[in-house]
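# Examining the three-dimensional arrangement
Take a look at the letters that make up each chain.
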Amino acid sequence: MRSHSRATDMGWHRRWSTVALINAMLAVGCATLYAQDAPSEVPTAEQKAQQQAFVEKLRALDWIKGPATVTAEGNAKLAIPEQYLYLDARNTSKFLELQQNLGNGREVLVAPRNLQWQAYLQFSDEGYVKDDEKIDATALLKTLKENTENANAERKRRGWGALHMVDWATPPAYNTTTKRLEWATILESKDGRAVNFSTKILGRRGYTSVIMVTDPANLGDAERSLDTVLTGYAFNPGETYADWRSGDKVATYGLAALIVGGVAAVAAKKGLFSVLGGFLAVAWKFIVAAAVAAMAWLRRLFTKKEA
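Calculation criteria
Residues numbered from 1 in each chain as written. Predicted model: local features only at pLDDT ≥ 70, side-chain atom pairs only at ≥ 80, totals over all residues. Heavy atoms only, no water. Helix = DSSP H or I, 4+ residues; strand = E, 2+ residues; numbered from the N terminus. Areas by Shrake-Rupley, 256 points an atom, 1.4 Å probe, with all protein chains shown as cover. Salt bridge = Lys/Arg side-chain N within 4 Å of Asp/Glu carboxyl O. Buried < 20%, exposed > 50% of the residue type's maximum accessible area, 1.4 Å probe, protein only. Core = buried A, V, L, I, M, F, W, Y, C linked by side-chain atoms within 4.5 Å. Contact = heavy atoms within 4.5 Å. Expected span 1.5 Å × (residues − 1). Polar contact = N/O pair within 3.5 Å; in protein donor to acceptor, adjacent residues only side chain to side chain. pLDDT = per-residue confidence, 0-100. Lys, Arg positive; Asp, Glu negative; His and termini not counted. Pairing = 2+ DSSP bridges. Axes fitted to C-alpha atoms, helices over the stretch in contact; angles between N-to-C directions. Arc of directions from axis to C-beta. Phe/Tyr/Trp six-rings, centres within 6.5 Å; stacked < 30°, edge-to-face > 60°.

Right, let's get into the overall build of the protein chain. From N to C terminus, the protein chain includes ten helices and eleven strands. Summing over all exposed atoms, the protein chain offers an accessible surface of approximately 14600 Å²; the carbon and sulfur share of this is 52%.

Quick look at the structure:
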(Lines give C-alpha, C1' and ligand atoms only; values in the text may rest on other atoms or scores of the structure.)
Protein backbone atom coordinates (compact mmCIF):
# COMPACT_ATOMS: atom_id res chain seq x y z
CA MET A 1 0.00 0.00 0.00
CA ARG A 2 1.42 3.36 -1.02
CA SER A 3 1.42 6.24 1.45
CA HIS A 4 0.60 9.72 0.16
CA SER A 5 1.06 13.10 1.84
CA ARG A 6 -0.93 16.29 1.37
CA ALA A 7 1.98 17.64 -0.62
CA THR A 8 1.38 15.02 -3.31
CA ASP A 9 -2.35 15.57 -3.67
CA MET A 10 -2.10 15.88 -7.44
CA GLY A 11 -1.01 12.25 -7.64
CA TRP A 12 -4.17 10.87 -6.08
CA HIS A 13 -6.89 13.54 -6.43
CA ARG A 14 -7.71 12.07 -9.85
CA ARG A 15 -11.27 12.66 -11.00
CA TRP A 16 -13.67 9.78 -11.35
CA SER A 17 -14.43 9.11 -15.06
CA THR A 18 -17.88 9.82 -16.46
CA VAL A 19 -18.46 6.15 -17.28
CA ALA A 20 -17.66 5.15 -13.69
CA LEU A 21 -20.07 7.79 -12.44
CA ILE A 22 -22.89 6.38 -14.52
CA ASN A 23 -22.17 2.82 -13.39
CA ALA A 24 -22.24 3.95 -9.78
CA MET A 25 -25.52 5.72 -10.22
CA LEU A 26 -26.97 2.59 -11.81
CA ALA A 27 -25.80 0.60 -8.79
CA VAL A 28 -27.20 2.78 -6.01
CA GLY A 29 -29.57 5.30 -7.60
CA CYS A 30 -30.07 8.78 -6.23
CA ALA A 31 -32.88 10.45 -4.35
CA THR A 32 -32.98 13.44 -6.68
CA LEU A 33 -34.25 11.48 -9.71
CA TYR A 34 -37.89 10.75 -10.35
CA ALA A 35 -39.24 7.28 -11.16
CA GLN A 36 -40.98 6.64 -14.46
CA ASP A 37 -44.36 4.94 -14.68
CA ALA A 38 -42.98 2.43 -17.21
CA PRO A 39 -39.47 1.52 -18.39
CA SER A 40 -40.27 2.63 -21.97
CA GLU A 41 -41.16 6.20 -21.03
CA VAL A 42 -38.82 8.98 -22.13
CA PRO A 43 -37.70 11.37 -19.37
CA THR A 44 -39.08 14.89 -19.56
CA ALA A 45 -36.85 17.89 -20.17
CA GLU A 46 -37.05 18.75 -16.48
CA GLN A 47 -36.02 15.24 -15.45
CA LYS A 48 -33.14 15.26 -17.92
CA ALA A 49 -31.92 18.53 -16.46
CA GLN A 50 -32.10 17.14 -12.92
CA GLN A 51 -30.22 14.00 -13.92
CA GLN A 52 -27.46 15.94 -15.61
CA ALA A 53 -27.19 18.34 -12.68
CA PHE A 54 -26.77 15.38 -10.32
CA VAL A 55 -23.95 13.93 -12.43
CA GLU A 56 -22.17 17.27 -12.57
CA LYS A 57 -22.35 17.62 -8.79
CA LEU A 58 -20.83 14.17 -8.37
CA ARG A 59 -18.07 14.99 -10.83
CA ALA A 60 -17.26 18.18 -8.92
CA LEU A 61 -16.38 16.30 -5.73
CA ASP A 62 -12.71 15.67 -4.92
CA TRP A 63 -12.65 11.89 -5.14
CA ILE A 64 -9.46 10.30 -3.80
CA LYS A 65 -8.71 6.97 -5.46
CA GLY A 66 -6.92 4.12 -3.74
CA PRO A 67 -4.33 2.99 -3.17
CA ALA A 68 -3.68 5.86 -0.77
CA THR A 69 -3.19 6.40 2.95
CA VAL A 70 -4.97 9.26 4.70
CA THR A 71 -4.71 10.67 8.20
CA ALA A 72 -7.86 9.83 10.15
CA GLU A 73 -9.38 11.84 12.97
CA GLY A 74 -8.57 10.47 16.41
CA ASN A 75 -4.85 9.78 15.98
CA ALA A 76 -5.29 7.05 13.38
CA LYS A 77 -4.56 6.25 9.75
CA LEU A 78 -6.72 4.70 7.05
CA ALA A 79 -5.29 2.85 4.05
CA ILE A 80 -7.62 3.13 1.05
CA PRO A 81 -7.25 -0.05 -1.07
CA GLU A 82 -7.15 -0.07 -4.84
CA GLN A 83 -10.60 0.10 -6.45
CA TYR A 84 -11.94 2.10 -3.50
CA LEU A 85 -12.73 5.80 -3.10
CA TYR A 86 -12.47 8.35 -0.30
CA LEU A 87 -14.01 11.76 0.36
CA ASP A 88 -12.83 14.13 3.08
CA ALA A 89 -15.29 15.69 5.52
CA ARG A 90 -16.12 18.72 3.36
CA ASN A 91 -16.87 16.64 0.26
CA THR A 92 -18.67 13.96 2.26
CA SER A 93 -21.11 16.60 3.52
CA LYS A 94 -21.92 17.52 -0.09
CA PHE A 95 -22.36 13.87 -1.05
CA LEU A 96 -24.70 13.26 1.89
CA GLU A 97 -26.85 16.19 0.85
CA LEU A 98 -27.16 14.73 -2.65
CA GLN A 99 -28.41 11.49 -1.11
CA GLN A 100 -30.87 13.36 1.15
CA ASN A 101 -28.98 12.24 4.26
CA LEU A 102 -28.06 14.46 7.17
CA GLY A 103 -24.44 14.96 8.16
CA ASN A 104 -22.55 16.71 10.93
CA GLY A 105 -19.56 17.97 8.95
CA ARG A 106 -17.10 15.50 10.52
CA GLU A 107 -17.84 12.25 8.68
CA VAL A 108 -15.62 10.96 5.87
CA LEU A 109 -16.69 8.55 3.14
CA VAL A 110 -15.13 5.28 1.97
CA ALA A 111 -16.74 3.19 -0.76
CA PRO A 112 -15.96 0.83 -3.64
CA ARG A 113 -15.75 2.59 -6.99
CA ASN A 114 -19.17 1.30 -8.03
CA LEU A 115 -20.69 2.79 -4.84
CA GLN A 116 -22.50 -0.49 -4.21
CA TRP A 117 -22.13 0.38 -0.56
CA GLN A 118 -21.02 3.51 1.27
CA ALA A 119 -19.32 3.73 4.67
CA TYR A 120 -19.11 6.86 6.83
CA LEU A 121 -16.40 7.14 9.50
CA GLN A 122 -16.15 9.51 12.44
CA PHE A 123 -14.13 9.58 15.67
CA SER A 124 -15.71 10.50 19.02
CA ASP A 125 -13.30 11.53 21.78
CA GLU A 126 -15.67 10.64 24.61
CA GLY A 127 -13.16 8.53 26.50
CA TYR A 128 -12.38 4.88 27.08
CA VAL A 129 -15.52 2.72 26.80
CA LYS A 130 -15.52 -0.25 29.16
CA ASP A 131 -16.41 -3.43 27.30
CA ASP A 132 -17.68 -5.60 30.17
CA GLU A 133 -21.38 -4.83 29.70
CA LYS A 134 -23.96 -7.41 28.59
CA ILE A 135 -26.14 -6.49 25.60
CA ASP A 136 -29.94 -7.00 25.56
CA ALA A 137 -30.69 -7.00 21.81
CA THR A 138 -34.50 -7.08 22.26
CA ALA A 139 -34.60 -4.06 24.55
CA LEU A 140 -32.18 -2.14 22.36
CA LEU A 141 -34.24 -2.74 19.23
CA LYS A 142 -37.35 -1.36 20.95
CA THR A 143 -35.43 1.76 21.95
CA LEU A 144 -34.04 2.22 18.44
CA LYS A 145 -37.50 1.96 16.87
CA GLU A 146 -38.95 4.58 19.22
CA ASN A 147 -36.08 7.00 18.79
CA THR A 148 -35.98 6.63 15.01
CA GLU A 149 -39.60 7.76 14.83
CA ASN A 150 -38.70 10.79 16.94
CA ALA A 151 -35.85 11.60 14.54
CA ASN A 152 -38.28 11.89 11.61
CA ALA A 153 -39.26 15.38 12.74
CA GLU A 154 -35.95 16.73 11.43
CA ARG A 155 -36.33 14.90 8.12
CA LYS A 156 -39.87 16.25 7.74
CA ARG A 157 -38.62 19.78 8.41
CA ARG A 158 -36.28 19.39 5.44
CA GLY A 159 -39.02 18.03 3.21
CA TRP A 160 -37.58 14.51 3.17
CA GLY A 161 -39.42 11.22 3.65
CA ALA A 162 -39.60 9.42 6.98
CA LEU A 163 -37.39 6.45 7.89
CA HIS A 164 -38.61 3.54 10.01
CA MET A 165 -36.66 0.89 11.92
CA VAL A 166 -37.81 -2.61 10.92
CA ASP A 167 -35.58 -5.15 12.66
CA TRP A 168 -32.03 -6.32 13.21
CA ALA A 169 -30.34 -7.53 10.06
CA THR A 170 -27.50 -8.66 12.34
CA PRO A 171 -27.92 -8.55 16.15
CA PRO A 172 -25.21 -6.72 18.15
CA ALA A 173 -21.99 -8.64 18.81
CA TYR A 174 -18.68 -7.58 20.36
CA ASN A 175 -15.31 -8.98 19.27
CA THR A 176 -12.94 -8.94 22.23
CA THR A 177 -9.93 -9.47 19.94
CA THR A 178 -10.49 -6.67 17.44
CA LYS A 179 -12.30 -4.45 20.00
CA ARG A 180 -15.07 -3.93 17.47
CA LEU A 181 -18.78 -3.78 18.32
CA GLU A 182 -20.93 -4.55 15.26
CA TRP A 183 -24.61 -4.80 14.36
CA ALA A 184 -26.90 -4.13 11.41
CA THR A 185 -30.41 -2.68 11.23
CA ILE A 186 -33.02 -2.70 8.48
CA LEU A 187 -34.49 0.71 7.64
CA GLU A 188 -37.57 1.36 5.54
CA SER A 189 -38.85 4.39 3.65
CA LYS A 190 -41.52 4.89 1.01
CA ASP A 191 -38.86 4.05 -1.60
CA GLY A 192 -37.86 0.68 -0.15
CA ARG A 193 -35.47 -0.81 2.37
CA ALA A 194 -31.80 -0.40 3.16
CA VAL A 195 -29.40 -1.85 5.72
CA ASN A 196 -27.21 0.22 8.03
CA PHE A 197 -24.26 -1.90 9.18
CA SER A 198 -22.61 -0.23 12.18
CA THR A 199 -19.17 -0.74 13.67
CA LYS A 200 -17.63 0.87 16.74
CA ILE A 201 -13.84 0.53 16.91
CA LEU A 202 -12.74 1.13 20.49
CA GLY A 203 -9.58 3.07 21.24
CA ARG A 204 -7.78 4.58 24.19
CA ARG A 205 -9.43 8.00 24.08
CA GLY A 206 -12.72 7.20 22.38
CA TYR A 207 -14.07 5.23 19.47
CA THR A 208 -14.46 5.42 15.72
CA SER A 209 -17.99 4.97 14.38
CA VAL A 210 -18.46 3.34 10.99
CA ILE A 211 -21.90 3.30 9.34
CA MET A 212 -22.13 1.32 6.11
CA VAL A 213 -25.30 1.56 4.04
CA THR A 214 -26.25 -0.94 1.37
CA ASP A 215 -29.12 -2.89 -0.14
CA PRO A 216 -30.34 -5.76 2.10
CA ALA A 217 -29.62 -8.32 -0.64
CA ASN A 218 -26.02 -7.11 -0.82
CA LEU A 219 -25.29 -7.17 2.93
CA GLY A 220 -23.05 -10.26 2.98
CA ASP A 221 -20.76 -9.08 0.18
CA ALA A 222 -20.73 -5.54 1.53
CA GLU A 223 -19.72 -6.71 5.02
CA ARG A 224 -16.78 -8.67 3.62
CA SER A 225 -15.76 -5.76 1.44
CA LEU A 226 -15.95 -3.30 4.33
CA ASP A 227 -13.91 -5.65 6.50
CA THR A 228 -11.17 -5.50 3.86
CA VAL A 229 -11.13 -1.72 4.19
CA LEU A 230 -11.18 -1.73 8.00
CA THR A 231 -8.10 -3.95 8.13
CA GLY A 232 -6.35 -0.83 6.87
CA TYR A 233 -7.65 1.30 9.74
CA ALA A 234 -5.45 1.53 12.82
CA PHE A 235 -4.98 3.83 15.79
CA ASN A 236 -1.47 5.18 16.06
CA PRO A 237 0.94 3.53 18.55
CA GLY A 238 -0.05 4.54 22.08
CA GLU A 239 -3.68 5.22 21.07
CA THR A 240 -5.08 1.68 20.91
CA TYR A 241 -7.58 0.23 23.37
CA ALA A 242 -4.82 -1.75 25.06
CA ASP A 243 -2.83 1.47 25.66
CA TRP A 244 -5.33 2.83 28.20
CA ARG A 245 -3.74 3.94 31.45
CA SER A 246 -5.17 4.86 34.83
CA GLY A 247 -6.04 8.54 34.81
CA ASP A 248 -7.26 8.57 31.19
CA LYS A 249 -10.77 9.80 30.52
CA VAL A 250 -13.43 7.09 30.83
CA ALA A 251 -16.80 7.31 29.03
CA THR A 252 -19.90 7.57 31.20
CA TYR A 253 -21.60 4.68 29.36
CA GLY A 254 -20.88 1.18 28.03
CA LEU A 255 -21.48 -0.93 24.93
CA ALA A 256 -25.30 -0.84 25.00
CA ALA A 257 -25.41 2.96 24.95
CA LEU A 258 -23.05 2.98 21.97
CA ILE A 259 -25.72 1.17 19.97
CA VAL A 260 -28.50 3.64 20.79
CA GLY A 261 -26.55 6.87 20.53
CA GLY A 262 -23.67 7.15 23.00
CA VAL A 263 -23.69 10.50 24.77
CA ALA A 264 -27.01 11.34 23.07
CA ALA A 265 -28.57 8.30 24.72
CA VAL A 266 -27.31 9.50 28.08
CA ALA A 267 -28.92 12.89 27.42
CA ALA A 268 -32.21 11.17 26.59
CA LYS A 269 -32.21 9.46 29.97
CA LYS A 270 -32.07 12.93 31.48
CA GLY A 271 -35.13 13.99 29.49
CA LEU A 272 -33.30 15.65 26.57
CA PHE A 273 -34.98 13.50 23.91
CA SER A 274 -34.41 16.12 21.20
CA VAL A 275 -30.67 15.47 21.49
CA LEU A 276 -31.16 11.79 20.70
CA GLY A 277 -33.60 12.53 17.91
CA GLY A 278 -31.09 14.85 16.29
CA PHE A 279 -28.34 12.28 16.66
CA LEU A 280 -30.34 9.54 14.95
CA ALA A 281 -31.46 11.89 12.20
CA VAL A 282 -27.77 12.30 11.35
CA ALA A 283 -26.73 8.72 12.09
CA TRP A 284 -29.11 6.79 9.82
CA LYS A 285 -28.17 6.68 6.15
CA PHE A 286 -30.30 5.64 3.21
CA ILE A 287 -29.79 5.04 -0.50
CA VAL A 288 -32.94 5.47 -2.57
CA ALA A 289 -33.08 3.54 -5.85
CA ALA A 290 -33.95 5.60 -8.93
CA ALA A 291 -35.85 4.56 -12.03
CA VAL A 292 -34.16 2.00 -14.29
CA ALA A 293 -35.44 3.83 -17.35
CA ALA A 294 -33.97 7.14 -16.23
CA MET A 295 -30.62 5.55 -15.40
CA ALA A 296 -30.49 3.70 -18.73
CA TRP A 297 -31.18 6.94 -20.57
CA LEU A 298 -28.44 8.70 -18.70
CA ARG A 299 -25.96 5.89 -19.38
CA ARG A 300 -26.70 5.96 -23.11
CA LEU A 301 -26.31 9.73 -23.23
CA PHE A 302 -22.88 9.75 -21.62
CA THR A 303 -21.70 6.62 -23.42
CA LYS A 304 -22.29 8.45 -26.70
CA LYS A 305 -20.38 11.46 -25.43
CA GLU A 306 -17.45 9.28 -24.31
CA ALA A 307 -17.39 7.52 -27.70
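More follows now that the structure is in view.
A side chain with one charge may pair with a side chain of the opposite charge, provided their charged atoms come close. One pass over the structure, following the stated rule, counts nine salt bridges. We note a salt bridge from Glu182 to Arg180, for which the minimum N-O separation is 2.9 Å. Residue Arg180 is classed as buried on the basis of its relative accessible area, which comes to 13%. Measuring nitrogen to oxygen at the nearest pair gives 2.6 Å for the salt bridge that ties Arg204 to Asp248. Placement of the pair is Arg204 in the loop between strand E9 (192-202) and strand E10 (207-214) and Asp248 in the loop between strand E11 (233-235) and helix H7 (255-260), with a sequence separation of 44 residues. Here Arg204 and Asp248 have matching classes, each one buried. In this structure, a network of salt bridges that share partners links the residues Arg180, Glu182 and Asp227.

Core analysis: the largest hydrophobic core is formed by 29 residues, its most contacted members being Leu78, Tyr86, Trp117, Leu121, Leu226 and Tyr233. Considering every element that reaches this core, the biggest residue donor is helix H6 (residues 219-230), with five residues. Excluding anything up to four places from it in sequence, Trp117 contacts Tyr84, Val110, Ala111, Pro112, Met212, Val213, Thr214, Asn218, Ala222, Ser225, Leu226 and Val229. Core analysis: the next-biggest nonpolar cluster, separate from the first, contains 23 residues, Leu144, Tyr174, Leu187 and Leu258 among them.

In an α-helix, one turn spans 3.6 residues; hence positions three or four apart end up facing the same way. For helix H5 (residues 137-157), spanning 21 residues, the distance from its first C-alpha to its last is 31 Å, which sits close to the expected 30 Å at 1.5 Å a residue. For H5, the complete set of buried residues consists of Leu140, Leu141, Leu144, Asn147, Thr148, Ala151, Asn152 and Arg155. Between a side-chain oxygen at the N-terminus of H5 and the backbone nitrogen of Thr138 the separation is 3.3 Å; the capping residue is Asp136. Gly159 lies just past H5 and shows a positive phi near 80 degrees.

Attention now goes to the confidence of the model for the protein chain. Per-residue pLDDT for the protein chain averages 75, and the proportion of residues at 70 or more is 71%. Contacts from residues 287-307, a stretch scored under 50 in pLDDT, to residues over four places away or in other chains number 46 contacts.

Moving on, we get to the side chain of Asp243. With respect to the helices and strands, Asp243 occurs in the loop between E11 and H7. One buried charged side chain, Asp243, makes no salt bridge at all; its nearest oppositely charged neighbour is Arg245, positioned 4.6 Å away. Of note is the side chain of Asp243, whose polar atom sits 3.2 Å from the backbone nitrogen of Glu239.

Turning our eyes to something else, we now look at unusual backbone geometry. Apart from glycine, the bulk of residues carry a negative phi angle, and the bulk of peptide bonds sit in the trans form. Omega for the peptide link from Gly66 to Pro67 comes to 5 degrees, which places this bond in the cis form. Positionally, Pro67 belongs in the loop between strand E1 (64-65) and strand E2 (68-72). Phi at Asn75 is positive, roughly 55 degrees, even though this residue is not glycine. Within the secondary structure, Asn75 sits in the loop between E2 and strand E3 (76-80). When its relative accessible area of 40% is taken as the criterion, Asn75 is described as partly exposed. Even without being a glycine, Lys179 presents a positive backbone phi close to 60 degrees.

With antiparallel pairing, the eight strands of this open sheet are ordered in space as E1-E4-E5-E6-E10-E9-E8-E7. In this open sheet, the two edge strands, each paired with only one partner strand, are E1 and strand E7 (164-175). Across eight bridges, E7 lies against strand E8 (residues 180-189) in antiparallel orientation. Within E8, the residue paired with Trp168 across the bridge is Thr185. Contacts between H6 and the sheet are confined to strand E4 (84-87), strand E5 (108-112), strand E6 (118-124), E7, E8, E9 and E10, with E10 contributing the most and set at about 145 degrees to the helix.

It is worth spelling out helix H4 (residues 89-98) at this point. Regarding H4, the residues found buried are Asn91, Thr92, Phe95, Leu96 and Leu98. Within H4, the buried residues cover an arc of 155 degrees as seen down the axis, which keeps them to one side. At the exit of H4 stands Gln100, carrying a positive phi of roughly 60 degrees.

Moving on, we come to the sheet that holds E11. The strand order E2-E3-E11 describes an open sheet built from three strands, whose pairing is antiparallel. Bordering the open sheet on either side are E2 and E11, each of which pairs with just one other strand. Between one strand and the next, the sheet's axes are offset by a mean angle of 20 degrees, whatever the strand orientation.

For the structure on display, the rule yields six aromatic pairs. When the ring of Phe123 is compared with that of Phe235, the centres are 6.2 Å apart and the planes differ by 70 degrees; the resulting orientation is edge-to-face. A residue pair is termed long-range when its members are at least 10 positions apart, and Phe123 in strand E6 and Phe235 in strand E11 qualify at 112 residues. You'll find Phe123 and Phe235 in the same group, each marked buried. Pairwise contacts between aromatic rings join Phe123, Tyr233 and Phe235 into one cluster.

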